[in-house]
Amino acid sequence: MPDLDRFKQDICDIGDRLYKRGFAAANDGNITYRVSEDEVLCTPAMHCKGFIKPADIALIDMEGRQLAGEKPRSSEAFLHLEIMKARPDVKSVVHCHPPHATAFAVAHEAIPNCVLPEVEVFLGNVPIAKYETPSTLEFAETILPFVHKANVIILANHGTVSFGESVERAYWWTEILDAYCRILILAKQIGRVEYFSNEKGWELVELKQRWGFPDPRHDPAYAGSDLFADDVFRETWSECGVQSGAFGIPGWSRAAGKQKERSEFDEALIERIADRVAEKLRGALVRE
Ligand SMILES: [Zn+2]
């Protein structure tokens, strides 16, 4: 028999951290924990996550039907259940709107790699799922292309969702991602983001393998690939409206696939225009 009281308390504790860190304004955000094959604890609708009590938490089945609890479950339960159905190893899901990561969700800006070693080890590539109306099944299903290859997903024009084997672990990935996004935005305000090399990036991916952290890039199909190009999720970019370029990623045009040709074309055009301007200036100087 699972210790429901302990897991309810874990949810309340993480709710308090979410709220205090500003990851969930007013009644934003929701947290779940799977206590058995078909039973999931779920935060209630319309409650501030900083003030939930164990008695407020609902018990639902894997279809979202309420089994126990006086307060109705969160309307976002489907998003959590979709992740749990796809990933039997996942016990807990945390969804919220952390401002810095959500800024990337609003800009549809791809999360760059090879900036901070811990981020490379703990998060790896971070996908952005396409926008859908919250609380619908269509919205819940937007995470399906990514759920086996990541532990945190950015939801376009909405927020984030992260998951793991405990409530705290599920929350960690959100906290790491938002701290990373905050640092990126601050560095951009200083003026630029510098990257470590693709080779150094691969050293971290290999280290991760030795430490037993899963990463889709351990698949031999990705061996030696360009980490800046986000080979893991790049194919989803056009459908999800993801862009890359605000952070001066080295060779970001490679990452943007077809945009490479366009970028090369632009560079050639700029070079021709510069030559013509120089020619005219030389002509003007000679005439003087
Ligand atoms: Zn939300």
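See the structure printed just above.
The paragraphs below set out a description of the structure included in this document. (Residues numbered from 1 in each chain as written. Predicted model: local features only at pLDDT ≥ 70, side-chain atom pairs only at ≥ 80, totals over all residues. Heavy atoms only, no water.)

With 24 residues, helix H6 (residues 167–190) extends 35 Å between its outermost C-alpha atoms, agreeing within 8% with the 34 Å of an ideal straight helix rising 1.5 Å per residue. Along H6, the residues that are buried comprise Val167, Ala170, Tyr171, Trp173, Thr174, Leu177, Asp178, Tyr180, Cys181, Leu184 and Ala187. Positive phi appears at Gly191, one or two residues downstream of H6, with a value of about 145 degrees. (Helix = DSSP H or I, 4+ residues; strand = E, 2+ residues; numbered from the N terminus. Expected span 1.5 Å × (residues − 1). Buried < 20%, exposed > 50% of the residue type's maximum accessible area, 1.4 Å probe, protein only.)

Okay, the packing of helix H1 (residues 4–20) against H6 next. Each pair of packed helices gets described by two things: the angle between the helix axes and the distance between those axes. The interhelical angle for the contact between H1 and H6, taken along N-to-C directions, is 20 degrees, at an axis separation of 9 Å. By the angle between their axes, H1 is roughly parallel relative to H6. For the pair H1 and H6, the sense of crossing is right-handed. In contact with Asp10, Ile11, Ile14, Arg17 and Leu18 of H1, H6 contributes Val167, Glu168 and Tyr171. Looking at the contact of H1 with H6 residue by residue, the classes come out as five nonpolar, no polar and three charged. (Axes fitted to C-alpha atoms, helices over the stretch in contact; angles between N-to-C directions. Parallel < 35°, antiparallel > 145°, perpendicular 65-115°, else oblique. Left-handed = near helix turned anticlockwise from the far one by under 90°. Contact = heavy atoms within 4.5 Å. Nonpolar A, V, L, I, M, F, W, Y, C, P; charged D, E, K, R; others polar.)

In this section: the pairing of strand E8 (residues 159–164). Burial within E8 is extensive, with six of its six residues counted as buried. Residue alternation in E8 divides its side chains into two sets, Gly159, Val161 and Phe163 and Thr160, Ser162 and Gly164, and both sets are buried. As paired strands, strand E5 (residues 92–96) and E8 are joined by five bridges and run antiparallel to one another. Bridging across to E8, Ser92 finds its partner in Gly164. (Pairing = 2+ DSSP bridges.)

It is worth spelling out the packing of aromatic side chains at this point. Scanning the entire structure with this criterion turns up 10 aromatic pairs. Ring centres 6.3 Å apart and planes at 35 degrees place the aromatic pair Phe23 and Tyr171 in the tilted group. Residue Phe23 is found in the loop between H1 and strand E1 (30–36), and its partner Tyr171 is found in helix H6; the two are separated by 148 residues along the sequence. Comparing Phe23 with Tyr171 shows no difference in burial state: the two are buried. With centroids separated by 5.8 Å and ring planes inclined at 75 degrees, the aromatic side chains of Phe122 and Phe213 adopt a geometry described as edge-to-face. Taken together, the positions of Phe122 in helix H4 (residues 117–122) and Phe213 in the loop between helix H7 (198–210) and helix H8 (237–240) put the pair 91 residues apart, joining distant regions of the chain. Directly above the ring of Phe78 sits Arg73, whose terminal nitrogen or CZ lies 5.1 Å from the centroid. Seen from the ring of Phe247, Lys188 lies directly overhead, with NZ or CZ sitting 5.9 Å from the centre. (Phe/Tyr/Trp six-rings, centres within 6.5 Å; stacked < 30°, edge-to-face > 60°. Lys NZ or Arg CZ within 6 Å of the ring centre and 35° of its normal.)

Another point: the packing of helix H3 (residues 99–107) against H6. Packing of H3 against H6 leaves a shortest axis separation of 7 Å and a crossing angle of 70 degrees. The angle between H3 and H6 falls in the class roughly perpendicular. Residue-level inspection shows Pro99, His100, Ala101, Ala103 and Phe104 of H3 in contact with H6, the latter providing Leu177, Asp178, Cys181, Arg182, Leu184 and Ile185.

Glancing now at the coordination of the zinc ion. Coordination sphere of the zinc ion, protein contribution only: His95 (NE2), His97 (NE2) and His158 (NE2), at 2.1 Å. Mapped onto the polypeptide sequence, the residues donating to the zinc ion form the spacing pattern H-x1-H-x60-H. Highlighted residues: His97 in the loop between E5 and H3 and His158 in the loop between strand E7 (152–155) and E8, separated in sequence by 61 residues. By relative accessible area, His97 is classed as partly exposed at 22%. (Donors = N, O, S within 2.8 Å, 3.2 Å for Na, K, Ca; no water.)

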